[in-house]
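Spelled out, the chains give:
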Amino acid sequence: MVKTLKGRVAATTALVSMILIVGVAVGIEFFVYGELRSSLQAQLDNQVKLVADQLDDKVRAKYLALHRISRHLGNPYAMTPAQLDAFANASVSMPETFNTLFVAAPDGRVIYDSTFPATPVNVADRDYFKALLAGAPQAISGLIAGKITRSPGVVLAVPVRDADGRITAVVGGAVNLLRQNFIVDLASNAVGDTGRYCLITNETPARYVIQADVTKILTAVGPEQTLCGVRDAGSNDLVHMHPLVARAAMSTTGWSLVAVLPGVEAFDPLARVRRRVVMLAIAAIAIAAFVMWWVARRMLRPLDTLRDLVVRSASDLRAIQSLPVQRADEIGALANAFREMMERLGDRTDALESSREAARANVRRMQEIADRVPFLVAFLDGEERFAFVNRACEVRLRRSREQILGSTAQDLLGALLYREFAPYLARAYAGEAATFVWDFGENNEYRCFEVSYQPEWAANDALVGVHVFVRDITIERSNERRWRRESHTDHLTGLLNRKGFDQALAAAVRRAREGAGAQALLFVDLDRFKLVNDTWGHALGDELLRRLAKRLVACVRESDDIARFGGDEFALIMRDIHDVQDVERAAKAILEVASRPMALSVGDVGVGACIGVAMVACGEDKTPDMLFQDADRALYDAKHGGRGRFVFSVGASARSI
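Residues numbered from 1 in each chain as written. Predicted model: local features only at pLDDT ≥ 70, side-chain atom pairs only at ≥ 80, totals over all residues. Heavy atoms only, no water.

Q: How would you sum up the nonpolar core? Please name residues and give values.
A: Grouped together as the largest cluster of nonpolar side chains are 49 residues, with contacts concentrated most on Val171 and Leu257. Looking at which element gives the most residues to this core, the answer is helix α1 (residues 5–72), with 12 residues. Ignoring anything within four residues of it in the chain, the contact list for Leu257 reads Val48, Val51, Ala52, Leu55, Leu186, Tyr197, Cys198, Leu199, Ala246, Arg247 and Ala248. Counting residues in hydrophobic clusters, the runner-up holds 39 residues, among them Leu495, Val532, Leu545 and Cys555. (Core = buried A, V, L, I, M, F, W, Y, C linked by side-chain atoms within 4.5 Å. Buried < 20%, exposed > 50% of the residue type's maximum accessible area, 1.4 Å probe, protein only. Helix = DSSP H or I, 4+ residues; strand = E, 2+ residues; numbered from the N terminus. Contact = heavy atoms within 4.5 Å.)

Q: Describe helix α18 (residues 624–640), naming the residues involved and giving the relevant values.
A: Helix length check: α18 (17 residues) gives 25 Å between terminal C-alpha atoms against 24 Å at 1.5 Å per residue, within 8%. Looking only at α18, the buried set comprises Leu627, Asp630, Ala631, Ala634, Leu635 and Ala638. Taken end-on, α18 shows its buried residues confined to a sector of 135°, consistent with a single buried face. The exposed residues of α18 that point more than 90 degrees off its buried face are Asp625 and His640. Against the buried residues of α18 lie α14 (498–513), β17 (518–527), β22 (608–616) and β23 (646–648). Once α18 ends, the next one or two residues include Gly642, with phi positive near 125°. (Expected span 1.5 Å × (residues − 1). Arc of directions from axis to C-beta.)

Q: Lay out the packing of aromatic side chains with the relevant residues and their values.
A: On inspection of all chains with the given rule, the structure shows 6 aromatic pairs. When the centroid spacing of 5.9 Å and the interplanar angle of 50° are considered together, the rings of Phe436 and Tyr453 count as tilted. With Phe436 in strand β14 (residues 434–440) and Tyr453 in strand β15 (residues 447–457), this residue pair connects regions lying 17 residues apart in the sequence. The class of Phe436 is buried, set by a relative accessible area of 8%. You can call Tyr453 buried: its relative accessible area is 5%. When the ring of Phe646 is compared with that of Phe648, the centres are 6.1 Å apart and the planes differ by 70°; the resulting orientation is edge-to-face. (Phe/Tyr/Trp six-rings, centres within 6.5 Å; stacked < 30°, edge-to-face > 60°.)

Q: Kindly report on the state of the cysteines, identifying the contributing residues and their values.
A: Note on terminology: disulfide describes a covalent bond linking the sulfur atoms of two cysteines. According to the stated counting rule, one finds 1 disulfide in the structure shown. Disulfide pairing places Cys198 opposite Cys228 at an S-S distance of 1.9 Å. On the S-S bond that ties Cys198 to Cys228, the torsion sits near -50°, and the link is left-handed. Note that Cys198 is positioned in strand β8 (residues 195–200) and Cys228 in the loop between β9 (208–210) and β10 (244–249), a separation of 30 residues in sequence. For Cys198, a relative accessible area of 0% translates into the label buried. Using a relative accessible area of 1% as the deciding quantity, one classes Cys228 as buried. (Disulfide = S-S within 2.5 Å.)

Q: Can you break down the sheet that holds strand β16 (residues 463–472) residue by residue, with the values?
A: As summarised here, the arrangement of the 5 strands in space is β13-β12-β16-β15-β14, forming an open sheet in which the pairing is antiparallel. Unpaired on one side and paired on the other, β13 (386–389) and β14 mark the two borders of the sheet. Taking each pair of neighbouring strands and ignoring which way they run, the sheet shows an average axis angle of 20°. In the sheet, β15 pairs with β16 via 9 bridges, with the strands oriented antiparallel. Note that in β16 the partner of Phe449 across the bridge is Asp472. Along the sheet, helix α12 (residues 415–429) contacts β12 (376–381), β14, β15 and β16; its crossing angle with β14, the most-contacted strand, is approximately 170°. (Pairing = 2+ DSSP bridges. Axes fitted to C-alpha atoms, helices over the stretch in contact; angles between N-to-C directions.)

Q: Summarise the pairing of β8; cite the residues concerned and give the values.
A: Of all the 6 residues making up β8, 5 are buried; the element is thus mostly covered by neighbouring parts of the structure. As paired elements, strand β7 (residues 190–191) and β8 share 2 bridges and run antiparallel to each other. Looking across to β8, one finds that Ala190 is bridged to Arg196. Hairpin geometry of β7 and β8 is characterised by an intervening segment of 3 residues between the two adjacent antiparallel strands and by a positive phi of about 70° at Gly192. As defined by bridge partners, β8 adjoins strand β11 (residues 256–261) across 5 bridges and the pair is classed as antiparallel. Its bridge partner lying in β11, Ile200 is registered against Ser256. With 2 bridges connecting them, β8 and β9 associate as antiparallel partners. Opposite Ile200, over in β9, you have Tyr208 as the bridge partner.

Q: Account for the pattern of salt bridges, naming residues and giving values.
A: In the structure shown here, the tally under the stated rule is 22 salt bridges. Here Glu383 and Arg385 are joined by a salt bridge, their closest N and O atoms 3.5 Å apart. A residue is classified by how much of its surface remains accessible, and Glu383, at 59% relative accessible area, is exposed. Lys622 serves as the salt-bridge partner of Asp630, at 3.1 Å between the closest nitrogen and oxygen. There is no split in this pair, since Asp630 and Lys622 are both buried. Connected via shared salt-bridge partners are Glu620, Lys622, Asp630 and Arg633. (Salt bridge = Lys/Arg side-chain N within 4 Å of Asp/Glu carboxyl O.)

Q: Tell me about unusual backbone geometry, and name the residues and values.
A: In the segment running from Thr204 into Pro205, the intervening peptide bond is cis, with an omega of -5°. Positionally, Pro205 belongs in the loop between β8 and β9. Positive phi is not limited to glycine here, since Asp576 has a value of about 50°. Its location among the elements puts Asp576 in strand β19 (residues 569–577).

Q: So, the environment of Asp127: which residues are in play, and what are the values?
A: With respect to the helices and strands, the residue Asp127 is situated in helix α3 (residues 127–133). Accessibility expressed as a relative area gives 64% for Asp127, which makes it exposed. Sequence spacing of Asp127 and Gly142 is 15 residues, and the spatial spacing of their C-alpha atoms is 8.3 Å.

Q: How would you explain the packing of α14 against α18 if you had to name every residue and give the values?
A: The axes of two packed helices give the description: the angle between them and the distance between them. The contact between α14 and α18 brings their axes to 9 Å, and the two run at 110°. Classified by the angle between their axes, α14 and α18 sit roughly perpendicular to one another. Along its contact with α14, which presents Arg498, Phe501, Leu505, Ala506 and Val509, the element α18 presents Pro624, Leu627 and Phe628. Its residues assigned to classes, the contact of α14 with α18 shows 7 nonpolar, no polar and 1 charged. (Parallel < 35°, antiparallel > 145°, perpendicular 65-115°, else oblique. Nonpolar A, V, L, I, M, F, W, Y, C, P; charged D, E, K, R; others polar.)

This is the structure:
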């Protein structure tokens, strides 16, 4: 990395020179490349068009040869194979003109074949044969593979007509693309030194008729980068030298003649010029960099003197007196500005030191105040790392302040505990104050804390961190929980009292309305309980109620609620009922335990019970008062219908749950 000003000036000059030279060179190369490509492309197009015309002429010459044979053939059915062989050899030269010559009857049966005379062949299904029978004067097949030789080739054919114009036979000549002929010669010719010709069909997809790689004949033409077997390897140069591709269609066959000249060969002169330009550019850049470095060194020597004086003034203020303030250029202005700055700096140093001492005192004072606060106080920076903690944090976390500072909240709290605090902490880092209560444990192990997150903003409205305040409210919450428990519990039986029952009933009705499931309310009224009180007194009656309460608890599920209204009246709330029979079983169990004698201090004492049942179906909109009244009416019907009975409210047992 260049650190001196002289070096930076030289480097900048070299960079600018390089950009200019490279820009000009690239522009020229683009222009020359375009012009050269257009010229070479035009030459290649003309060359390919000329070769395609020559191929058409050779195909026409083959057609002429076939027409001549058809006119002089006479009656092929009256000729022997030897006579046909002699006639064929006298008519055309093979294999220069055709690799195979054949004569076929109008039904497609081949009556003469110069290559496979003993092999029966029928060409009635060939497209070219059908075209001749349809009236075409001549026809050529598509690119085919011989049924016998499996060699790729094409067939040219003309009709043989009698004096009346009827087709008496078909004369055809086959050209084997893998044997010596004018098409194979085309594949061996090169375009330039490394370019190639190829012939492709007009099918979709197109196939190779001829190609330098004979294994590719009859195969589909690949991508443009591998056309005619010339592979474009690409280029790392700024201007990609794409291959030159020229095409010309053959009028006789519809095939396309393609010539491909690799870009590396076509544009080799341009590549050689580019290399020379690169070497020249490197030399020009090096010379420019050296010259600018030498000029800058001469011009900036006074600046070196100023730098030395500035460095000395850091330890010796007397060096300021030697600054070149008398100069009338930028160096003199800089020297004057530096001297004024140092004079002001000297005046402010003492004030700054005093301010630092006052700030350190304030920090110590704030730390002492925070350490005397009974709850936890901390500050998390932008990365959730502890930047400040008070003494209470050290005690609660059981770590020293040095161990806590710099640690993240997740490291200190652990993954499980951090997961509980993370949503509130995320809100604070989003700029929103968050306060929540965190409690855990039961009975003597119960603990409860109030946690508050307060974001702190910088002057530019940027969040710099979060203040954390944690207050232990275990005693307050324990007292509140005990008060709630006592205010909702019957002091005699330990079951819910009327206030607790009302809350439980409202919650059950709300669950049914919200679709949680059907809910049931059972009113239980004891029989002959007044007789027990009148006979043995209220103390024995209280003992009986406590015994019965325990039996009722054993009859129901843990999720159900049992309440005592006072006297001998009880209520049972069954939650999330899936079958009415569950309610019936619970009612029967309550009647059974209520009628079973209880061993009290005066002996076995028996009572009985009546039960009224009301239900609210899943999704039904019913109020707690409505459910209460339904159960009360059902209890009334049960009491007036005899002892030891339970009665559902009208429609309760039949209603869908």
